[in-house]
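For reference, the chains in residue letters:
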Amino acid sequence: LGGGYTFFDRLTVAAKVKLLEGYFDLHTTDSYLKIYKAADMTSLKADVYYNLLTSSLAEDENIDLFPRNFGIAFDFGAKYEWNGFEFSASILDVGKGIHWKDNVKNRVPADGGSTFDIPGIHVSDGKLVVDTMSADYRDSFERLLDFETTDGEDYWTTLPRKLNLGVMYSPVDKIKLFFFEPI
């Protein structure tokens, strides 16, 4: 739904309201991956932690085609005409965003975070050396994917706002030169 109005035959302003509907979200907070040399200075270690917030992620074959994740956003724009010039500006996606409240879950590592050796990679004479990959990789990565799921609190995600500026010049009829810059 939107509308606009022209003032004094030169200035036009417009606005639009948008209803947002979210079907799935994967959002992360407090997540990190740190890779560093072990105390013996010859091998590598990694620290991994994540906190994944998900909404509307089907955990079985039942998929909700009508989730209850809604929000609202607004678009605003203006155009001013003067002596063959047309100046325009708009700001898009202003608002709080989408309110995720359908089937919200927190997913964190089951062991509270992982520190593990990175097998097959070591440091020799100050250089990184990659040996053959071993089954230990698979075990380490499987441990990363072993997470604990709990019911989560609803949350909001915002849309990235966009600012657009433009200038158009018409030196003669049917010829228009323009400059447009999304910011």
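See the structure shown above.
The subject of this paragraph is the packing of aromatic side chains. Under the criterion given, the structure shown has 5 aromatic pairs. An angle of 70° between the planes, with centres 4.8 Å apart, marks the rings of Y5 and F7 as edge-to-face. A connected cluster of aromatic rings, assembled from ring pairs, spans W82, F85, F87 and Y169.

What you tend to see is this: most non-glycine residues have negative phi, and most peptide bonds are trans. Its identity as a non-glycine residue notwithstanding, N83 has a phi of 45°, on the positive side. When you line up the elements, N83 lands in the loop between β5 (70-82) and β6 (85-100). A positive phi angle, close to 65°, is found at D93, a residue other than glycine. Tracing the chain through its elements places D93 in strand β6. Residue classification places D93 among the buried residues on the basis of a relative accessible area of 9%.

The rules we used
- Residues numbered from 1 in each chain as written.
- Predicted model: local features only at pLDDT ≥ 70, side-chain atom pairs only at ≥ 80, totals over all residues.
- Heavy atoms only, no water.
- Phe/Tyr/Trp six-rings, centres within 6.5 Å; stacked < 30°, edge-to-face > 60°.
- Helix = DSSP H or I, 4+ residues; strand = E, 2+ residues; numbered from the N terminus.
- Buried < 20%, exposed > 50% of the residue type's maximum accessible area, 1.4 Å probe, protein only.

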